[in-house]
Amino acid sequence: MANRATPKQKKNGRGKGVAFAKWAKIDKAQRNMLVAVCIVSVFLGITLVGGIYFAKVIAFNAKVISEKDKIIANYKTIQSSLNSISAQVSEMSQSERLEAVARTRSTDCTEEIMEGLASENGIEDVELARTCTALRVIPDALPSKLNQEATLASLNQLLNWSNGGAGIESISGADVGVAEMDGDLTVSPIGASFSLSDDASNVRKSLDIVERSIRNFDIVSANISWVDTYDEKGNSTGKQRIELVGLYRAYYANGVKIEKKSKKICADDTSDKCTGRKKK
Amino acid sequence: MYEISLVPDVKAELLRKLRMRNLVYLICVVVVAACAGIFVILFGVTGGQGIKLAAQDTEIACRSDGTLKSGNCGSQYGTAVMKFKNAEELLTIQDQMKNLATLNNNKIKISRVFGILDVILPVGENHVWISELNVDIDNNTLSFDASAMASNGIGFRALEAFKKNVERSYYDYGNYMRYDKDTDEYVEIPSYCIDETMDKNGIVYGIYHKGAKGCEAPMVEKKTASGETTTEEDENSGDAELSVDGEDAEPETTETTVAKEDIKIRRTYLSESDMEHYRNGNDDLTKEAGIKGYYFESNCLKYTDGKLDEAATLEACPLLSDAPNIGDSSYGKNADGRLALSFSAALPMNREVFLSSNKHIRVIGPSRQNVTDSYIQIRDMFDEAPKEDIGE
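This text gives an overview of the structure that appears in the document. Remember, predicted model here, so these are calculated numbers, not experimental data.

## Some details on the sheet that holds strand β5 (residues 185-188) of chain B
Residues and elements named next belong to chain B.
Thinking step 1. Here three strands make up an open sheet; going across it, the order is β5-β4-β11 and the pairing antiparallel. Only two strands of the sheet have a single neighbouring strand rather than two, namely β5 and β11 (294-298). Taken over all neighbouring pairs, the strand axes of this sheet differ in orientation by 40 degrees on average, direction set aside.
Thinking step 2. Running at roughly 140 degrees to β11, helix α5 (residues 272-279) makes contact with β5 and β11 of the sheet.

Here is the structure:
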């Protein structure tokens, strides 16, 4: 402290004690300031680090909240859809128009069963309703299982309706790819091919019957060729007869399964952990 | 003049330092307060988010499973999805209906190929026969091997006639409409209620089987004790997706008796005013002259200055989407010793012609026309493949 006394103080010995006290106060004030600044710096540092951390947490939480909001909205939509689908399906099961195009009802579907199907809350047993009510048209039109034999049987039945199936040469399963169509489709293909040899008008009639079926048989390709017909003596009759080989695509749609899925939400969407990339 | 400071230097320095210290303290307090404030806000936001997340978890659990570890869900969340009776079956039905709608919109009617061939293959003095036809629906291509006979002995005339025919052919489709008194509007007549026919003059008519199932009458007929056929209201409207040929059926609204009657509706109009004439019920054939009647609403036919414009129609709905690809044409003697032309052709077709959702397709060529869906008796258009000994 003595080193820091001013020349004036040195000259004036009377104020020496007072001056020392003042210098001591000045030192203390400077020290206090330093301490205060240090403490505040620590606070600032903590605030900065904590702020960045909290900001990240808040941003991440906001992302999670937004996703969960979407999930909740989705659930609400599903719930209201289920309610309206239930009502519509209940109505459809009573539909006379659907009934009019449906195949004959199974004899297992007794009046008692039919009466027990519907209730105020909709259809009690949809699976049974799909067999006994007008709803049976829907699985007939688009089955929910892969069953090639049933598909070929349907095709066979359709061809039999035309000219008693007289022109059928062959019916068999086939490999076909998935069709590209406008609109969303969640169906899988079942391939079928058949060969008909008949009068052109009968072949056309057969095609028409297949096309009018409530079950979709979409033509993929067809080959139509002229074939000669012969009488008993082996002479050409000159009658127009054609052979058609058609490749068809029928469909089935797997039944819908409700399952919960998890979704990974990343704080940083570009991070390797999130994208699954391995570090080089 | 002198100024004497009575305050000693050290005192002045002390005062300055004390002021500075106070200022630093003030700044420190403000900074610390700000930091604390920021922390409180961040804690508050994080805490709020935590509460929100917990509430969301509760709602998700209640809406999905309907159960909570901590207790029961309130009724405000409705029936949980996993607890909804028959949920999977109902969603399967919904999915099937959606798929069926898409499939029906993209359904192809290959049987129309016979009607198309009837129009594009020349007849008469330039007769063309097909020996083998390949239909590739994925690529919308008709490819075939054909032979031709020209009565004037110039075989390539037949090929030329064929080429002109296909290039100048167009199609038309649309709906037959009827005036509905109840709604005061024109409504579509379902295609299964219509059979089309063409008279000697090439005028196309649709025969509307009024009163048949689904044709202003319900799909299910009910007989009364007296034997009369009556219809009753069908309240179910959600079933419109499916009918005999996959098109929408019209909802019935009133209990009524519909007399069965075949009504002839003219389809071919030479001008717009001609169409208006029939639309307004002035067609004698409707037997209901004077009231609004029946007409055909075309999606392809174009009119210029009120008159049918074939060039514009051809541009709007050409049968081919691109130029025909003709190859391997040769003219020579066949196995019977007669001169014949053989050629192969690949025709890139307009897919619209085959789409089942386009009703009442009519193919119109320079010399022939055809209502493809009603073309049942197929003329001779297939013949034996040309023999190998046809020379160049």
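Next comes the rest of the write-up.
## Thoughts on a positive patch on the surface
Thinking step 1. A cluster of basic residues, A:K25, A:K28, A:R31 and B:K11, forms a positive patch at the surface.
Thinking step 2. No other element matches helix α2 (residues 16-93) of chain A, which puts three residues into the positive patch.
Thinking step 3. Tracing the sequence through the fold places A:R31 in helix α2.
Thinking step 4. For A:R31, a relative accessible area of 51% gives the class exposed.

## Concerning the pattern of salt bridges
Residues and elements named next belong to chain B.
Thinking step 1. This model, assessed by the stated rule, comprises 20 salt bridges over all chains.
Thinking step 2. D373 serves as the salt-bridge partner of R112, at 2.9 Å between the closest nitrogen and oxygen. In this pair, R112 is assigned in helix α3 (residues 112-120) and D373 in the segment after β17 (369-371), connecting sequence segments 261 residues apart.
Thinking step 3. For R267, the salt bridge identified is with E196, shortest N-O distance 2.7 Å. Linking R267 in the loop between β10 (261-266) and α5 with E196 in strand β6 (residues 194-198), this pair joins segments that are 71 residues apart in sequence.
Thinking step 4. Look at R267 and you get buried, because its relative accessible area is 1%.

## Brief notes about the side chain of A:N223
Thinking step 1. Topologically, A:N223 is positioned in strand β5 (residues 218-227).
Thinking step 2. Note on A:N223: relative accessible area 18%, which makes it buried.
Thinking step 3. Within the structure, A:N223 has its side chain in polar contact with the side chain of B:E132 (distance 3.0 Å).
Thinking step 4. Here the side chain of A:N223 touches B:N134 through a polar contact of 2.6 Å, side chain to side chain.

## Some details on the interface of chain B and chain A
Thinking step 1. The partner chain A presents 101 residues to the 101 residues of chain B that form the contact.
Thinking step 2. Roughly 9300 Å² is buried in total at the junction of chain B and chain A, and carbon and sulfur atoms are behind 65% of that figure.
Thinking step 3. Remark: the boundary between chain B and chain A carries four salt bridges.
Thinking step 4. Its salt-bridge partner being B:D138, residue A:R249 comes within 3.7 Å of it at the nearest N-O pair.
Thinking step 5. Linking chain B to chain A there are 26 residue pairs in polar contact (both at pLDDT 80 or more).

## Examining the packing of aromatic side chains
How two aromatic rings sit relative to each other is given by the distance of their centres and the angle of their planes.
Thinking step 1. In total, this model carries 13 aromatic pairs over all chains according to the counting rule given.
Thinking step 2. A ring pair is formed by A:Y53 and A:F54, whose centres lie 5.7 Å apart and whose planes are at 70 degrees; its orientation type is edge-to-face.
Thinking step 3. Taken together, a centroid distance of 6.2 Å and an interplanar angle of 15 degrees make the contact between B:Y171 and B:Y173 stacked.
Thinking step 4. You can call B:Y173 buried: its relative accessible area is 16%.
Thinking step 5. The rings of A:Y53, A:F54, B:F39 and B:F43 are connected pair by pair, giving a single aromatic cluster.
Thinking step 6. One Lys or Arg, B:K264, reaches over the ring of B:Y205 and ends 4.4 Å from the middle of that ring.
Thinking step 7. Above the plane of the ring of B:F296 lies B:R267, whose end atom (NZ or CZ) is 4.1 Å from the centre.

## So, the pairing of strand β6 (residues 241-252) of chain A
Consecutive residues of a regular strand have side chains that alternate between opposite faces of the sheet.
Residue and element names in this part refer to chain A.
Thinking step 1. Note: strand β4 (residues 188-198) against β6, 11 bridges, orientation antiparallel. The partner of S188 across the bridge, within β6, is Y252.
Thinking step 2. Looking at chain direction, β5 and β6 are connected through nine bridges and run antiparallel. Bridge pairing in β6 places S221 opposite L247.

## Here we look at the environment of A:N223
Thinking step 1. Note: C-alpha distance between A:N223 and A:S195 (28 residues apart in sequence) is 9.3 Å.
Thinking step 2. Ignoring anything within four residues of it in the chain, the contact list for A:N223 reads A:E243, A:L244, A:V245, B:E132, B:L133 and B:N134.

## Here we look at the sheet that holds β6(B)
Residues and elements named next belong to chain B.
Thinking step 1. Spatial ordering of the open sheet is given by β6-β7-β10, a layout of three strands whose pairing is antiparallel. The two strands at the open ends of the sheet, each matched to only one other strand, are β6 and β10. The mean angle between the axes of side-by-side strands here comes to 30 degrees, regardless of whether they run parallel or antiparallel.
Thinking step 2. Alignment of β6 against strand β7 (residues 204-210), held across five bridges, turns out to be antiparallel. Bridge pairing in β7 links E196 to G206.

## Observations concerning the side chain of A:S201
Thinking step 1. The topology assignment puts A:S201 in helix α8 (residues 200-212).
Thinking step 2. With residues up to four places along the chain from it excluded, the contact list for A:S201 reads B:I376, B:Q377 and B:I378.

## Here we look at the environment of A:R103
Residues and elements named next belong to chain A.
Thinking step 1. Structurally, R103 is set in the loop between α3 (96-101) and α4 (111-117).
Thinking step 2. Among the residues examined, R103 registers a relative accessible area of 43% and is labelled partly exposed.
Thinking step 3. Each C-alpha atom, one on R103 and one on R136, is 8.1 Å from the other, the two residues being 33 residues apart in sequence.

## Points about unusual backbone geometry
With glycine set apart, most residues show a phi of negative sign, and most peptide bonds adopt trans.
Thinking step 1. Located in the positive-phi region is B:N140, a residue other than glycine, with phi close to 55 degrees.
Thinking step 2. Looking at the element boundaries, B:N140 is found in the loop between β1 (126-136) and β2 (141-150).

## Focus: the layout of surface pockets
Thinking step 1. Considering only enclosed or pocket space, the largest pocket measures out at about 950 Å³ in volume.
Thinking step 2. What lines the largest pocket is a set of 33 residues, and nearest its centre among them are A:R103, A:R136, A:P139, A:D140 and A:I214.
Thinking step 3. At the level of elements, α3, α5 (126-132), α6 (137-141), α7 (148-161) and α8 of chain A together with α2 (87-105) of chain B are the ones that each hand at least two residues to the lining of the largest pocket.
Thinking step 4. Considering only residue class, the lining of the largest pocket consists of 13 nonpolar, nine polar and 11 charged.
Thinking step 5. By volume, the second largest pocket is sized at about 760 Å³.
Thinking step 6. When contributions to the lining of the second largest pocket are tallied by element, the ones reaching two or more residues are α2 of chain A together with α1 (9-64) and α2 of chain B.
Thinking step 7. For the lining of the second largest pocket, the element with the most residues is α2(A), which contributes eight residues.
Thinking step 8. Its residues assigned to classes, the lining of the second largest pocket comprises 11 nonpolar, five polar and nine charged.

The rules behind the values
- Residues numbered from 1 in each chain as written.
- Chains lettered and ligands numbered in written order.
- Predicted model: local features only at pLDDT ≥ 70, side-chain atom pairs only at ≥ 80, totals over all residues.
- Heavy atoms only, no water.
- Pairing = 2+ DSSP bridges.
- Helix = DSSP H or I, 4+ residues; strand = E, 2+ residues; numbered from the N terminus.
- Axes fitted to C-alpha atoms, helices over the stretch in contact; angles between N-to-C directions.
- Contact = heavy atoms within 4.5 Å.
- Patch = residues over 30% accessible without salt bridge, like charges linked within 9 Å, V, L, I, M, F, W, Y side chains within 5 Å.
- Areas by Shrake-Rupley, 256 points an atom, 1.4 Å probe, with all protein chains shown as cover.
- Salt bridge = Lys/Arg side-chain N within 4 Å of Asp/Glu carboxyl O.
- Lys, Arg positive; Asp, Glu negative; His and termini not counted.
- Charge placed at Lys NZ, Arg CZ, Asp CG, Glu CD.
- Buried < 20%, exposed > 50% of the residue type's maximum accessible area, 1.4 Å probe, protein only.
- Polar contact = N/O pair within 3.5 Å; in protein donor to acceptor, adjacent residues only side chain to side chain.
- Buried area = accessible area lost by both parts, 1.4 Å probe.
- Phe/Tyr/Trp six-rings, centres within 6.5 Å; stacked < 30°, edge-to-face > 60°.
- Lys NZ or Arg CZ within 6 Å of the ring centre and 35° of its normal.
- 1 Å grid on protein atoms, 1.4 Å probe; cavity = no way out; pocket = protein on both sides within 12 Å on 5 of 7 lines; lining within 4 Å.
- Points joined across faces, edges and corners; volume = space filled by probe spheres on them.
- Nonpolar A, V, L, I, M, F, W, Y, C, P; charged D, E, K, R; others polar.

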